[in-house]
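# Summary of the model geometry
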Amino acid sequence: MEFLGRTGLTTRRQVVCCLLATVLMAWASSTQVSAAGWKAGVARAVITPENPVWLAGYGTKRAPDGKLHDLWMKALALEDDEGHRVVLITSDFQGVPKGMSDQVFVQLRMRFQLERHQVMFTFSHNHCGPRLGDDLVDYYPVEDEQVKLVEEYTALMVEACVAMVGESLSALAPATLQMGQGKTTFAVNRRNNPEAEVPDLLAAGKPLKGPVDHSVPVLTVTRSDGKLAAVLFGYACHPTTLSFLTWCGDYPGFAQLELEQQHPETTAMFVNTCGGDQNPLPRRRVELCQKYGHMLAVAVEDVLQQQLEPISPSLRTAFEYVDLPYLKVVDRADLNPLLADPNAIRARWAARMRQKLDRGEKFPASYPYPVHAWQLGSEMLVIGMGAETVVDYALRFKLEFGGGTWVCGYADDMIAYIPSRRVWEEGGYEGGSNLYEYGRPAFRWAGDIEDRIAASVHRLVGQVRSTNDETPTGE
Ligand SMILES: [Zn+2]
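Since the structure is predicted, the reported quantities are computational estimates derived from the model, not experimental observations. (Residues numbered from 1 in each chain as written. Predicted model: local features only at pLDDT ≥ 70, side-chain atom pairs only at ≥ 80, totals over all residues. Heavy atoms only, no water.)

Moving on: the layout of surface pockets. By volume, the largest pocket amounts to about 470 Å³. For the lining of the largest pocket, a count of residues per class yields 13 nonpolar, three polar and 10 charged. The volume enclosed by the second largest pocket comes to roughly 370 Å³. In terms of lining residues, the second largest pocket is bounded by 20 residues, among which R131, G133, D134, V137 and V147 are the most central. No other element matches the six residues that helix α4 (residues 144-170) contributes to the lining of the second largest pocket. (1 Å grid on protein atoms, 1.4 Å probe; cavity = no way out; pocket = protein on both sides within 12 Å on 5 of 7 lines; lining within 4 Å. Points joined across faces, edges and corners; volume = space filled by probe spheres on them. Nonpolar A, V, L, I, M, F, W, Y, C, P; charged D, E, K, R; others polar. Helix = DSSP H or I, 4+ residues; strand = E, 2+ residues; numbered from the N terminus.)

Counting through the fold element by element, T317 comes out in strand β12 (residues 315-325). Taking the relative accessible area as the measure of exposure, T317 reaches 6% and is therefore buried. At a separation of 2.8 Å, a polar atom in the side chain of T317 contacts the side chain of H117. (Buried < 20%, exposed > 50% of the residue type's maximum accessible area, 1.4 Å probe, protein only. Polar contact = N/O pair within 3.5 Å; in protein donor to acceptor, adjacent residues only side chain to side chain.)

Applying the stated criterion across every chain, the model contains 31 salt bridges. In this structure, R283 and E195 form a salt bridge, with 2.9 Å as the shortest nitrogen-oxygen distance. Taken together, the residues span a long stretch of sequence, with R283 in the loop between β10 (278-280) and α7 (286-305) and E195 in the loop between β6 (187-189) and α5 (198-203) at a distance of 88 residues. On the accessibility criterion, R283 (15% relative accessible area) is buried. The class of E195 is partly exposed, set by a relative accessible area of 34%. Where K328 meets D334, a salt bridge forms, and the shortest distance between an N and an O atom there is 2.6 Å. On the basis of relative accessibility, which here comes to 24%, the residue D334 falls in the partly exposed class. (Salt bridge = Lys/Arg side-chain N within 4 Å of Asp/Glu carboxyl O.)

By the secondary structure assignment, S91 is in strand β3 (residues 85-91). The class of S91 is buried, set by a relative accessible area of 5%. There is a polar contact of 2.9 Å between the side chain of S91 and the backbone oxygen of T122. In contact with S91, not counting residues within four places along its chain, are W72, M73, F121, T122, F123 and S124. (Contact = heavy atoms within 4.5 Å.)

Quick look at the coordination of the zinc ion now. At this site the zinc ion is bound by H125 (NE2), H238 (NE2), E388 (OE), E388 (OE) and Y417 (OH), with donor distances of 2.1 to 2.8 Å. Looking at Y417, the relative accessible area reads 7%, which means it is buried. (Donors = N, O, S within 2.8 Å, 3.2 Å for Na, K, Ca; no water.)

A few words now on the nonpolar core. In this structure, F93, Y369 and W445 are the most contacted members of the largest nonpolar core, which totals 92 residues. Those residues in contact with F93, other than ones at most four positions away along the chain, are I47, M73, M100, F121, F123, S124, H125, N126, P130, L132, Y153 and M157. (Core = buried A, V, L, I, M, F, W, Y, C linked by side-chain atoms within 4.5 Å.)

Our focus in this paragraph is the pairing of strand β7 (residues 215-223). Counted residue by residue, β7 has eight buried out of nine residues, so it is predominantly covered. Of the strand pairs in this sheet, strand β5 (residues 173-183) and β7 are connected by nine bridges, and their pairing is antiparallel. Of the residues in β7, the one forming a bridge with G180 is V218. Relative to strand β8 (residues 228-235), β7 runs antiparallel, the two sharing five bridges. In the strand pairing of β8, T222 is matched with L228. Count of turn residues in the β7/β8 antiparallel hairpin: four residues, of which G226 carries a positive phi of about 90°. (Pairing = 2+ DSSP bridges.)

Turning next to empty space enclosed by the protein. If you walk through the whole model with that rule in mind, you get six cavities of 30 Å³ or more. L76, L78, V86, L88, L219, L232, W374, L376, M380, V382, W406 and C408 together form the lining of the largest cavity. Those elements that place two or more of their residues in the lining of the largest cavity are β2 (72-79), β3, β13 (366-376), β14 (380-385) and β16 (405-408).

As a further point, take the sheet that holds β16. Across the sheet, four strands lie side by side as β12-β13-β14-β16; this open sheet has mixed pairing. If you trace the sheet from one side to the other, it starts and ends with β12 and β16, each paired once. Geometrically, the sheet is characterised by an average inter-axis angle of 15° between neighbouring strands, direction not taken into account. Relative to β14, β13 is paired through six bridges, and the arrangement is antiparallel. (Axes fitted to C-alpha atoms, helices over the stretch in contact; angles between N-to-C directions.)

With that settled, the discussion passes to the pairing of β8. With eight of eight residues buried, β8 is to be regarded as a mostly interior element. Two strands pair when backbone bridges link them, and β8 and strand β9 (residues 267-272) are joined in this way by six bridges, in the parallel orientation. In the sheet register, L232 faces β9, and the bridge partner there is M269. Note on the crossover from β8 through helix α6 (residues 250-262) to β9: the handedness is right-handed. (Right-handed = clockwise from strand over helix to strand, strands pointing away.)

Structurally, V87 can be placed in strand β3. Note on V87: relative accessible area 0%, which makes it buried. Once the C-alpha coordinates of V87 and K291 are considered, the two residues, 204 residues apart in sequence, prove to be 31 Å apart. When neighbours within four sequence positions are excluded, V87 is seen to be in contact with A75, L76, A77, L114, Q118, V119, M120, V165, S168, L169 and W374.

Put into structure tokens, the structure is as follows:
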């Protein structure tokens, strides 16, 4: 628990009676504040597996056959003028499971006194990235050697992540933060546009259907000598251009590489905003992946040429888990008929769930869903949400909280798809009975999932935007 406030300034002002002295004091304080400013630290680590851990994200065994480029994990540490800190981790991982990120959060608390509300561990959802822990565990055939490799690699990544965050904190140095927004259009709502029809629709100049978020939010970190230390950018789209066996970062990997080639001393970092129901279409060819990466990099470059908005050096953070109930927890009667299901994922899941019941385990009725709110100055709000959030969440919260709002999915925990009420009512892949794919003990979320998440987001944003100096910042 941490308390935020600026009570020092208020108290000093109260004891000054003379008008001139008040003015001088205020002037002195404001120059002191702007002189202190932000501090930022950047660090990075290669995460390309050296052992043949399989590629993650499609429901098959995919042993790696080489790499197009390295995979990365990156950290941006920020400290405001009163010493409040946050660390944003971005990565080319497909899905970080709770079992892994919780180990990182525990170690960051012990070693660097970073509380849960101060760290967001995001992953791009790159489907040319490696398996981790028990993420999507029923997607893959069980082979003992592979189980061991995944365990070893995951443990190595926990260690590497903690070390990298330590480096980003050691690198904290004065910086200015600015933001802007660009646009690129390759994301397609995959629920509303059959993949096979998209090339013809695009060629005919016909409009595609369904909600999308084509915005490219950009945050720059600039040193006092004018050097660009980091550029963070987001886009709402699945990194599923490719489905082959070669390590690469898919379109976000190509975008980051291109930006770092254009700006050799800069670390480029990507967050998947709310791309749960968005695909890069058409796809499946390396040229298309490079093209989408280039489109995204160009959108970021365009923003860098614009007049950017400075972000004032104050930071308020809040975090909570909100309980997301399942519609119905499965029991033996649900599982038994599925043991011989022709769908291998469903059959593996049913067998694993039944073993748990045999061991006397009781399935929880809900899942603890992580939600963050970070307010940077008065200008930028970062809402961080676990798992595969559909685009409706970004569109809704940007409307409700205004310009400067980033809505990031894929934070802290892979969990499952997170449908909006609309998508839940419609059903289908992201909204229907598919929680089993992620190893959850149920088929569907309860129908009020959006209401519960929105209530949590509003509660946390209320805290970080509150003028009450003693607002608790959560777990
Ligand atoms: Zn996905």
